[in-house]
Amino acid sequence: MQEIRYRIFARKVIIYTEWKVCESSDELLTSPLFLELLERYCAELQRSDSYLLALFKNRCADQDTLSVLALTLQHLAKLPADAVIKLVEGSALFFKNSALFTDFVEQLYNYWRSYDRFILCDSEGNRLDKRPYRTFNLTIEKLTDLIRGVYRDTVENITMTHPRIYRQTTAAAEIAAISLPRRLDLPVALRAPLGDVPVIRQVLINPPLILNPPMNKRTGRFIKVDSNPLAGIDFDADEWLCYPAKVGHLIILIYFHATFFELGFSLCNLFELADDDELHRTPDAVYAFGVPENTLDHLADFPTVFYEDPDTGLLIAAVSRGDAFGYFGYLKKMVLTLHNVKMMRAGKFPFHGAFVKILLDGGTEKNILIIGDTGAGKSETLEAFRTIGSSALKGMFIIADDMGSIEIGTAGALRGYGTETGAFLRLDDLQPGYAFGQIDRSIIMSPSQVNARIVMPVTTIDMVTSGHRVDMILYANNYEQVDDEHPIIERFEKVEQAFTVFREGTVMSKGTTTSTGIVHSYFANIFGPPQYRDLHDEIALKYFNAFFARGIFVGQMRTRLGITGFETSGPEEAARALLDSLR
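Residues numbered from 1 in each chain as written. Predicted model: local features only at pLDDT ≥ 70, side-chain atom pairs only at ≥ 80, totals over all residues. Heavy atoms only, no water.

**Some remarks on the overall build of the protein**
Broken down by element type, the protein carries 15 helices and 27 strands. Expected size for 583 residues packed as a compact globule is a radius of gyration near 25 Å; at 27 Å, the protein falls within 12% of this value. Counting only C-alpha atoms, the protein reaches 90 × 55 × 45 Å along its principal axes. The buried share of the protein, taken over its 583 residues, is 59%. (Helix = DSSP H or I, 4+ residues; strand = E, 2+ residues; numbered from the N terminus. Rg over C-alpha atoms; globule rule 2.2 N^0.38 Å. Buried < 20%, exposed > 50% of the residue type's maximum accessible area, 1.4 Å probe, protein only.)

Given below as structure tokens:
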């Protein structure tokens, strides 16, 4: 067996392998990784003055004691306690209280599982990516069986009993990836720092994943700067990975540091991986998530920046690796900001909203775009629509869950596109039980906190990129009550009226960022348009005139999601009104 190469970052364990990891209990329990984790575990027991220290003489787990303990555990994986006591000198100490020793082993197993655990398979010669299922079987699956088996055998050899209930916990890595060195079409200035960073080709996850990143809200804005934010930054290839994401029709190379591995790998539930042919393309943007702290301070007041190369048009973005930026929103929203800038440069209208294709009984087919800020009730209303309209609903397909664009095609036809194949949703605002119905595919973040989120796949890349007729455009108004003068769904009669409402972007903040109360964001989309306001105003006015010229329904929908007491009923009533308007 090859020697296990690994790194430990805070509460993350990253295992690097070219092929197999461990094949026997001896290989597992004599590995440097196990021995280091055993030492860390006992040190933590010392710091907390745990009751488990009674297992050791004078409640002290010194190096000599740890050596005897490691050897004892190595034999316990194969032999019963009475045989181990005879084989390992000094091991009798641990068996004086078998219940305490059992607790120690149980908590050691839990301690290992408390880490976020990753396996990175890297072997260009073996071409692992040609047979990914075989690679994953020989790494994550085999290691899971081995660790779980060693844990169970050890406990049974201490207690000399067998459990009647077995729980198939994820005992090895939660995430595995095949990441290979690839020569990408990067500009000269980026080849040296990024050229050696492995590129992810396949990912295996074991959902549901429960993650507790250091932050659960996003603050500030993404700042356009006048120079390359990656200039002068060194990238250790062992600490970075590249996720080449399909973002609509774009290819964006997302580099993320080991500090944020759990967030970086969550991209697999949001964006499709680019295929081999697409990797030969010049990327549309490059984003480094987790650059060393303070390296961006000279560029802006807030280390969330992007740069547009005037010669090539390539967008280059960077965000610091401090805990304050350990939130998936910084990863996702910067990518979408880069997308929106590219769309504006192409003369297209970027939107922050949900775009769905709805098929009703009787053959009615409508494509509905709901534009609004985070927490305005877009996704919540559509999920309520899925339930309330189930008897009449023959199909509902997500084209864009959060961000997309509209283009004016041949003969003035307006077509909409999406960006993501997944969704990043607030758990609190989903229909009761909905998240649990999707939990077998989901990544759940900060489940015990305000703004708990779920990341899950919701559509296909073909649906996102095909281009769909736009039939109805609604602004999600979550702050106004409904009365005779303010219906749930209101159609705008003039371009100027619609343009003003959409441009003001009024919303009652739901606490997904650090903003609270009534706030305004330009076109409910701070991700690109405000940084290019003149260009966006010109594009937006052109498109709103086109909407009215083609008779598209343009209006607003009062979801009342931001009004206390209407968090559920508001989107439900909006969904009923939407269904009535489509029949």
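**Overview of the pairing of strand 27 (residues 553–558)**
Within strand 27, 6 of the 6 residues are buried, leaving the element largely enclosed by the surrounding structure. Burial along strand 27 is two-sided: Phe 553, Gly 555 and Met 557 and Val 554, Gln 556 and Arg 558, pointing in opposite directions, are all buried. Bridge count between strand 23 (residues 472–477) and strand 27: 6 bridges; the pairing is parallel. Residue pairing for strand 27: Leu 474 is matched across the bridge by Gly 555. (Pairing = 2+ DSSP bridges.)

**Comments concerning the sheet that holds strand 19 (residues 422–426)**
If you walk across this open sheet you meet the 4 strands as 6-20-21-19, and the pairing is mixed. A strand with exactly one partner marks an edge of an open sheet, and here the two such strands are strand 6 (209–211) and strand 19. Sheet twist, expressed as the mean angle between neighbouring strand axes with direction ignored, is 20°. Examined bridge by bridge, strand 19 and strand 21 (residues 453–457) share 5 bridges and lie antiparallel to one another. Each bridged residue has a counterpart across the sheet, and for Leu 425 the counterpart in strand 21 is Ile 454. (Axes fitted to C-alpha atoms, helices over the stretch in contact; angles between N-to-C directions.)

**Some remarks on helix 5 (residues 98–113)**
For helix 5, with 16 residues, the first-to-last C-alpha span of 23 Å sits near the 22 Å given by 1.5 Å per residue. Of the positions making up helix 5, those classed as buried are Leu 100, Phe 101, Thr 102, Phe 104, Val 105, Leu 108, Tyr 109, Tyr 111 and Trp 112. The backbone nitrogen of Ala 99 lies 3.2 Å from a side-chain oxygen of the residue at the head of helix 5, namely Asn 97. (Expected span 1.5 Å × (residues − 1). Polar contact = N/O pair within 3.5 Å; in protein donor to acceptor, adjacent residues only side chain to side chain.)

**Notes on the nonpolar core**
One recurring pattern in soluble globular proteins is that nonpolar side chains are buried together. Judged by nonpolar contacts, the single largest core of 85 residues is most densely connected at Phe 265, Tyr 287, Phe 349, Phe 544 and Phe 547. When residues in this core are grouped by element, the largest group, 10 residues, is from helix 9 (residues 328–345). Leaving out residues up to four positions away in the same chain, Phe 265 has contacts with Phe 118, Leu 120, Ile 175, Ala 177, Ile 200, Val 203, Leu 241 and Phe 256. Counting residues in each nonpolar core, the second largest holds 59 residues, with Leu 69, Leu 73, Val 84 and Ile 119 among its members. (Core = buried A, V, L, I, M, F, W, Y, C linked by side-chain atoms within 4.5 Å. Contact = heavy atoms within 4.5 Å.)

**Some points on the side chain of Thr 102**
Tracing the backbone shows Thr 102 in helix 5. Each residue touching Thr 102, except ones within four places of it in the same chain, is listed here: Val 155, Ile 158 and Thr 159.

**Some remarks on the pattern of salt bridges**
Scanning all chains against the criterion turns up 28 salt bridges. Between Glu 44 and Arg 11 there is a salt bridge whose closest N-O contact spans 3.6 Å. Of this pair, Glu 44 sits in helix 2 (residues 32–48) while Arg 11 sits in the loop between strand 1 (5–9) and strand 2 (12–17), and the two are 33 residues apart along the sequence. Linked by salt bridges that have partners in common, Arg 5, Arg 7, Asp 236, Asp 238 and Glu 239 make up one network. (Salt bridge = Lys/Arg side-chain N within 4 Å of Asp/Glu carboxyl O.)

**Quick notes on helix 2**
Three or four residues apart is the spacing at which side chains of an α-helix point the same way, because the helix has 3.6 residues per turn. For helix 2, with 17 residues, the first-to-last C-alpha span of 24 Å sits near the 24 Å given by 1.5 Å per residue. Leu 33, Phe 34, Leu 37, Leu 38, Tyr 41, Cys 42 and Leu 45 are the residues of helix 2 that are buried. Buried residues along helix 2 cover an arc of 160° about the axis, so they all sit on one side. In this fold, the buried residues of helix 2 make contact with strand 1, strand 2, helix 1 (25–29), helix 3 (63–76) and helix 5. Immediately downstream of helix 2, the backbone of Asp 49 shows phi near 50°, a positive value. (Arc of directions from axis to C-beta.)

**Description of unusual backbone geometry**
Omega for the bond connecting Pro 207 with Pro 208 falls within 30 degrees of zero, at 0°, which places this linkage in the cis form. One non-glycine residue with positive phi stands out, namely Ala 10, at about 50°. Along the chain, the position of Ala 10 falls in the loop between strand 1 and strand 2. The class for Ala 10 is exposed, based on a relative accessible area of 64%. Backbone geometry places Ala 524, a non-glycine residue, at a positive phi of 50°.

**Digging into the packing of helix 13 (residues 495–504) against helix 14 (residues 533–549)**
Running from N to C, helix 13 and helix 14 cross one another at 135°; their axes reach a closest spacing of 10 Å. On the basis of their axis angle, the class for helix 13 and helix 14 is oblique. Relative to helix 14, helix 13 is oriented so that their crossing is right-handed. Listed contacts from helix 14 to Val 495, Ala 498, Phe 499, Phe 502 and Arg 503 of helix 13 are Arg 533, Asp 537, Ala 540, Leu 541, Phe 544, Asn 545 and Phe 548. (Parallel < 35°, antiparallel > 145°, perpendicular 65-115°, else oblique. Left-handed = near helix turned anticlockwise from the far one by under 90°.)

**Some points on the packing of aromatic side chains**
Aromatic rings in a pair are described by how distant their centres are and how their planes are angled relative to each other. Applying the stated criterion to the full structure yields 37 aromatic pairs. Taking 5.4 Å as the distance between ring centres and 45° as the angle between the ring planes, the aromatic pair formed by Tyr 41 and Tyr 111 counts as tilted. Taken together, the residues Tyr 41 in helix 2 and Tyr 111 in helix 5 connect sequence positions 70 residues apart. By the ring-pair criterion, three or more aromatic residues cluster together here, those being Phe 349, Tyr 475, Phe 492, Phe 499, Phe 502, Tyr 522, Phe 523, Tyr 543, Phe 544 and Phe 547. Between Arg 117 and the ring centre of Trp 112, over which it is positioned, the NZ or CZ distance is 5.6 Å. Its end group placed over the ring of Phe 424, Arg 453 keeps NZ or CZ at 4.6 Å from the ring centre. (Phe/Tyr/Trp six-rings, centres within 6.5 Å; stacked < 30°, edge-to-face > 60°. Lys NZ or Arg CZ within 6 Å of the ring centre and 35° of its normal.)

**What about the packing of helix 2 against helix 3?**
Where helix 2 meets helix 3, the closest approach of the two axes is 11 Å, and the angle between their N-to-C directions is 125°. Accordingly, the angle class assigned to the pair helix 2 and helix 3 is oblique. Like other packed secondary-structure pairs, helix 2 and helix 3 cross with a definite hand, here right-handed. The residues of helix 3 that touch helix 2, namely those facing Phe 34, Leu 35, Leu 38, Glu 39 and Cys 42, are Gln 63, Leu 66, Leu 69, Ala 70 and Leu 73. Here the residues of the contact of helix 2 with helix 3 sort into 8 nonpolar, 1 polar and 1 charged. (Nonpolar A, V, L, I, M, F, W, Y, C, P; charged D, E, K, R; others polar.)

**Brief notes about the side chain of Asp 471**
Relative to the assigned elements, Asp 471 resides in the loop between strand 22 (468–469) and strand 23. In this structure Asp 471 comes out as buried when scored by relative accessible area, which is 18%. Separated by 2.8 Å, the side chain of Asp 471 and the backbone nitrogen of Asn 367 make a polar contact. A distance of 2.6 Å separates polar atoms of two side chains, one belonging to Asp 471 and the other to Arg 469. What Asp 471 contacts, discounting residues up to four positions off in sequence, is Glu 365, Lys 366, Asn 367, Ile 552 and Phe 553.

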